[in-house]
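# Summary of structural features
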Amino acid sequence: MRAILKREVKNYIRNPLLWLGIAVGALMIFQEVGSYLDIHYLAEGETIANDYPETYRDGDVFDGYVPATKEQRRTLWEERVREVLTSEFEMEQTEAQAVIDEMKGMDFMAACAHLEKYGYYDAYYEYVNTAYRKGTREEINSYIAEKLKSRTFSYYFSRKFADFAGLFMGFFATVLLSMLFLQDTRRNTYELLHTKPVGAGKYVLGKVGGGFAVCLIILAVLNLIFFGFALTSAGKHGFEVHLSDFLSATCLYILPNMLMIVSIYSLISLLFKSPLPAVPLLFLYMVYSNMGSRNADGIYGYYGRPLAIMVRFPGSFFDTSAPPLAVLNQSLLVLTAVCIILLSIQIWKRRRVY
């Protein structure tokens, strides 16, 4: 098993496409997470200038936004409703104010239903857009300080890194690992392998271990690159940056996905005597894993899917959180991958020539 694993790792490491892929991946990930490295306390007289609206559903602190409180959101929402009623529904100011007054004491959902009586059906989306508002220098600094009181900067950054690194690795591993069984499943080679005195478990585990080890190497390089970025940029602003945050996020949110991908390749390769049918299957799997849905309140977002091979962290930087049951899902992925590997071993045994 060890010899097979070493052979696969050496073959990949010698392939320049691996290192080209890592370079491209690092660039793609940096384009997505680079803005978070600009987060810092604003100095006296420093402001963040932009042409964005006063409130924004996807506002983030590096653009000068802070979360709006429940009371502020209601006030901002009512102001927006009044503006729409007068501009689009051509109501007089007194009429629009009367509608606002009618909603006093109603909760948000009841108020939205009330507005629908007037033909206003987009009130819910107007409320969503009040999630973040432009903050003053003091509010921004206070918000950053509050969030960094209990968590390190790298805790938040590593999850954004895991989001986009996991997305990249899903596609990269699907393409890269298609070559893992390609040589061995050619007709003459496949038949010859079954006559060799190598055990089914050693062969399958060696191949799976080799593919997984390559993913480990890629992720190790990416972790070091972005740990270095964070240490250089955030460190100069006095923020704490720990390599352990990157490693824990990678181990928890990316590695189980890689194990699942390589196990699927082992099953499909041995079942169909070719790894190629696994490629479209895995791409469909990733589309399924990356799809959004609606929660119990009817709010659309990313909440994760059963056995998904991607863990996304949408939302602003300091409000990033894993989808519900993400840890349970990752544990089930590992268990499922182990079962698939055991099934692959049995398939190899049944086709062995004695």
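Summary of the structure given here.

Moving on, we get to the pattern of salt bridges. Within this structure, the stated rule accounts for twelve salt bridges. Here Glu78 ties to Arg74 by a salt bridge, and the two come within 3.0 Å at their closest N and O atoms. Highlighted residues: Glu78 and Arg74, both in helix α3 (residues 70–87), separated by four residues, approximately one helical turn. Judged by its relative accessible area of 10%, Glu78 is buried.

Okay, the environment of Ala68 next. Within the fold, Ala68 resides in the loop between β2 (65–67) and α3. Contact partners of Ala68, with chain neighbours within four places excluded, come to Arg73, Thr130, Ala131, Tyr132 and Arg133.

Counted under the stated rule, the structure contains 25 aromatic pairs. For the pair Phe89 and Tyr120, a centre-to-centre distance of 5.6 Å together with 45 degrees between the ring planes defines the contact as tilted. Of this pair, Phe89 sits in the loop between α3 and α4 (93–102) while Tyr120 sits in the loop between α5 (108–116) and α6 (123–128), placing them 31 residues apart in sequence. For Tyr120, a relative accessible area of 3% translates into the label buried. Aromatic pair Tyr285 and Tyr288: ring centres 6.4 Å apart, planes at 35 degrees, arrangement tilted. Placement of both Tyr285 and Tyr288 in helix α13 (residues 278–289) is noted, with a separation of three residues, approximately one turn of the helix. Taking the ring centre of Tyr127 as reference, the NZ or CZ of Arg73 above it sits at 4.3 Å.

Take Gly170: it is sitting in helix α8 (residues 153–176). The exposure class assigned to Gly170 is buried, which follows from its relative accessible area of 1%. Considering only alpha carbons, one finds Gly170 and Asp107, 63 residues apart in sequence, at a separation of 42 Å. With sequence-adjacent residues up to four places away left out, Gly170 is seen in contact with Met258, Ile261 and Met286.

Taking strand neighbours across the sheet as the criterion, the three strands line up as β1-β3-β2 in an open arrangement whose pairing is antiparallel. Both edges of this open sheet fall to β1 (55–56) and β2, since each of them pairs with a single strand only. As paired elements, β2 and strand β3 (residues 132–134) share three bridges and run antiparallel to each other. What sits directly across from Pro67, in β3, is Tyr132. Contacting β2 and β3, helix α7 (residues 137–150) runs over the sheet at an angle of about 60 degrees to β2.

All of the buried residues in α5 are Phe108, Ala111, Cys112, His114 and Leu115. Seen end-on, α5 carries its buried residues on one side only, within an arc spanning 160 degrees. Those residues of α5 hidden inside the fold are in contact with α3, α4 and α6.

Quick look at the nonpolar core now. Formed by 84 residues in total, the largest nonpolar core has its most connected members in Phe157 and Leu222. Every residue in contact with Leu222, bar those within four places of it in the chain, is listed here: Ile22, Ala26, Ile29, Phe161, Phe168 and Met169.

This next bit is on the packing of α8 against helix α11 (residues 243–253). α11 packs onto α8 with a crossing angle of 35 degrees between their chain directions and a minimal axis gap of 8 Å. Note that α8 runs across α11; the crossing there is right-handed. Here Ser154, Tyr155, Phe157, Ser158, Arg159, Phe161 and Ala162 of α8 lie close against α11, whose contacting residues are Asp245, Phe246, Ala249, Thr250 and Tyr253. Each residue belonging to the contact of α8 with α11 can be placed in one class, and the counts come to seven nonpolar, three polar and two charged.

Cut-offs used in this document
- Residues numbered from 1 in each chain as written.
- Predicted model: local features only at pLDDT ≥ 70, side-chain atom pairs only at ≥ 80, totals over all residues.
- Heavy atoms only, no water.
- Salt bridge = Lys/Arg side-chain N within 4 Å of Asp/Glu carboxyl O.
- Helix = DSSP H or I, 4+ residues; strand = E, 2+ residues; numbered from the N terminus.
- Buried < 20%, exposed > 50% of the residue type's maximum accessible area, 1.4 Å probe, protein only.
- Contact = heavy atoms within 4.5 Å.
- Phe/Tyr/Trp six-rings, centres within 6.5 Å; stacked < 30°, edge-to-face > 60°.
- Lys NZ or Arg CZ within 6 Å of the ring centre and 35° of its normal.
- Pairing = 2+ DSSP bridges.
- Axes fitted to C-alpha atoms, helices over the stretch in contact; angles between N-to-C directions.
- Arc of directions from axis to C-beta.
- Core = buried A, V, L, I, M, F, W, Y, C linked by side-chain atoms within 4.5 Å.
- Left-handed = near helix turned anticlockwise from the far one by under 90°.
- Nonpolar A, V, L, I, M, F, W, Y, C, P; charged D, E, K, R; others polar.

Take it as geometry only, folks, not as evidence of what the structure does.
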